[in-house]
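Coordinates in review
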Amino acid sequence: MSRRWRREEQAIGLVPTMGALHAGHLSLVERARRDNDRVVVSVFVNPIQFGPGEDFDRYPRDPQRDAGLLAKAGVDAIYRPTVAAMYPPESSTRIHVAGVSEPLEGQARPGHFDGVATVVAKLFTAVEPDRAYFGQKDAQQVAVVKRMARDLDLAVEIRVCPTVREPDGLALSSRNAYLTSVERKSAASLSSALRLARDAYAHGERRPERLRQILRERLEAEPLARVEYAEVVDPETFATPGSLAVLAVRIGKTRLIDNHDLEIEFSG
Ligand code: AMP
């Protein structure tokens, strides 16, 4: 299908997802619709980006609901490959984006970004989009995918869309479904910490250790929260120093991530 669209010189936008769709995903679809003639959404829970003991098996899957939401959103095609088609037993190639994929999420989830880079490259090859849409919610993923696209001269423009949040600031995520109601309340601490750091930054605070402390203190005030990392990094290289505050926090058994560029007003 995308081959015919290409022949007809129709611009194709791709939105890669793992399904269990929410308003964050749909905001990417909406943006892709505005920018392109055709929109393809891929739905694929990519096994190679999950580590052993992570939530691959219990990751929420609801293809029928997803299909309904995507039809209503005016998507032209859903690409839903099987694991066997994506990774036949003899497949052995992985893409490693050195540098930017290594700290923070890369350290906490070894192999995660190799899995992401590999599947994104394969999705680009299958769909041949002109543009691909990613959420700022996964800031390091954005940096990894952009680096890969530049390094491999991929003819796909990477567009980044703002994080969609709940009214209390919690970034929408398919994993929020794991939270109990008590945990759900405590999960608001991530955006609350980011907002506090942004306020301090807006008032001139630039000392990385002070900004880190502001993030940590807010998170540690939450009895259910366990901080994995809270750092302020460069948004392209993920090295310190920088202006992007990034968080990974466990609330009960659920691992949540969030981020905010402290140069920008907090709108969640
Ligand atoms: P996922 O299905 O979690 O792999 O996410 C698919 C795409 O949606 C990724 O580019 C995510 O960054 C993006 N996304 C996830 N949550 C949000 C959100 N709350 N706001 C904007 N984009 C999001």
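See above for the structure.
Residues numbered from 1 in each chain as written. Predicted model: local features only at pLDDT ≥ 70, side-chain atom pairs only at ≥ 80, totals over all residues. Heavy atoms only, no water.

**Some points on the side chain of Arg-175**
Within the secondary structure layout, Arg-175 lies in the loop between strand S5 (157-161) and helix H8 (181-186). A polar contact of 2.7 Å, which involves the side chain of Arg-175, links it to the side chain of Asp-55. When neighbours within four sequence positions are excluded, Arg-175 is seen to be in contact with Phe-50, Asp-55, Tyr-59, Arg-109, Thr-254 and Arg-255. (Helix = DSSP H or I, 4+ residues; strand = E, 2+ residues; numbered from the N terminus. Polar contact = N/O pair within 3.5 Å; in protein donor to acceptor, adjacent residues only side chain to side chain. Contact = heavy atoms within 4.5 Å.)

**Remarks on helix H2 (residues 23-35)**
The terminal C-alpha atoms of H2 lie 18 Å apart, and with 13 residues this matches the ideal 18 Å at 1.5 Å per residue to within 8%. Of all the positions in H2, only Gly-24, His-25, Leu-28, Val-29 and Ala-32 are classed as buried. For H2, the angular spread of the buried residues around the axis is 145°, confining them to a single face. Turned more than 90 degrees off the buried face of H2, the exposed positions are Glu-30 and Arg-34. In this structure, the buried side of H2 is in contact with strand S1 (12-17), strand S2 (38-43), helix H3 (63-72), strand S4 (131-135) and S5. (Expected span 1.5 Å × (residues − 1). Buried < 20%, exposed > 50% of the residue type's maximum accessible area, 1.4 Å probe, protein only. Arc of directions from axis to C-beta.)

**Some thoughts on the environment of Arg-216**
Within the secondary structure, Arg-216 is located in helix H10 (residues 208-220). The class of Arg-216 is partly exposed, set by a relative accessible area of 29%. Once you skip the residues sitting within four places of it in the chain, Arg-216 turns out to touch Val-227, Tyr-229 and Ala-230.

**Overview of helix H6 (residues 112-127)**
Between its first and last C-alpha atoms H6 spans 22 Å; for 16 residues at 1.5 Å apiece the expected length is 22 Å, and the two agree. The element H6 is extensively covered by neighbouring structure, given that 12 of its 16 residues are classed as buried. Taken residue by residue, H6 has His-112, Phe-113, Gly-115, Val-116, Ala-117, Thr-118, Val-119, Val-120, Ala-121, Leu-123, Phe-124 and Val-127 as its buried positions. Taken from the residues just after H6, Glu-128 is the one with a positive phi, measuring 50°.

**Remarks on the sheet that holds S1**
Strand order in the open sheet formed by five strands is S3-S2-S1-S4-S5, and the pairing between neighbours is parallel. The two strands at the open ends of the sheet, each matched to only one other strand, are strand S3 (77-79) and S5. Each adjacent strand pair in this sheet contributes to an overall mean axis angle of 30°, direction not counted. Sheet topology note: the S4/S5 ladder contains five bridges and is parallel. Each bridged residue has a counterpart across the sheet, and for Phe-134 the counterpart in S5 is Val-160. Sheet strands in contact with helix H7 (residues 139-151) are S4 and S5, and its direction is about 165° off that of S5. (Pairing = 2+ DSSP bridges. Axes fitted to C-alpha atoms, helices over the stretch in contact; angles between N-to-C directions.)

**Considerations on the site of the ligand**
The local shell around the ligand holds 17 residues, among which Met-18, His-25, Asp-138, Val-164 and Leu-172 are the closest. Separating an oxygen atom of the ligand from a backbone N or O atom of Met-18 is a distance of 2.9 Å. Side-chain polar atom of Asp-138 to an oxygen atom of the ligand: 2.6 Å apart, as the coordinates give it. In the complex, the protein chains occlude 93% of the 490 Å² of accessible area that the ligand would expose alone. (Near = heavy atom within 4 Å. Areas by Shrake-Rupley, 256 points an atom, 1.4 Å probe, with all protein chains shown as cover.)

**Examining the packing of helix H9 (residues 188-202) against H10**
Contact geometry of H9 with H10 gives a least axis separation of 9 Å together with a crossing angle of 150°. Comparing their axes, H10 and H9 come out roughly antiparallel. Here H9 runs over H10; the crossing is right-handed. Contacts between H9 and H10 involve Ser-189, Leu-190, Ser-192, Ala-193, Leu-194, Leu-196, Ala-197, Ala-200 and Tyr-201 from the first element and Leu-211, Ile-214, Leu-215, Arg-218 and Leu-219 from the second. Within the contact of H9 with H10, the residues separate by chemical class into 11 nonpolar, two polar and one charged. (Parallel < 35°, antiparallel > 145°, perpendicular 65-115°, else oblique. Left-handed = near helix turned anticlockwise from the far one by under 90°. Nonpolar A, V, L, I, M, F, W, Y, C, P; charged D, E, K, R; others polar.)

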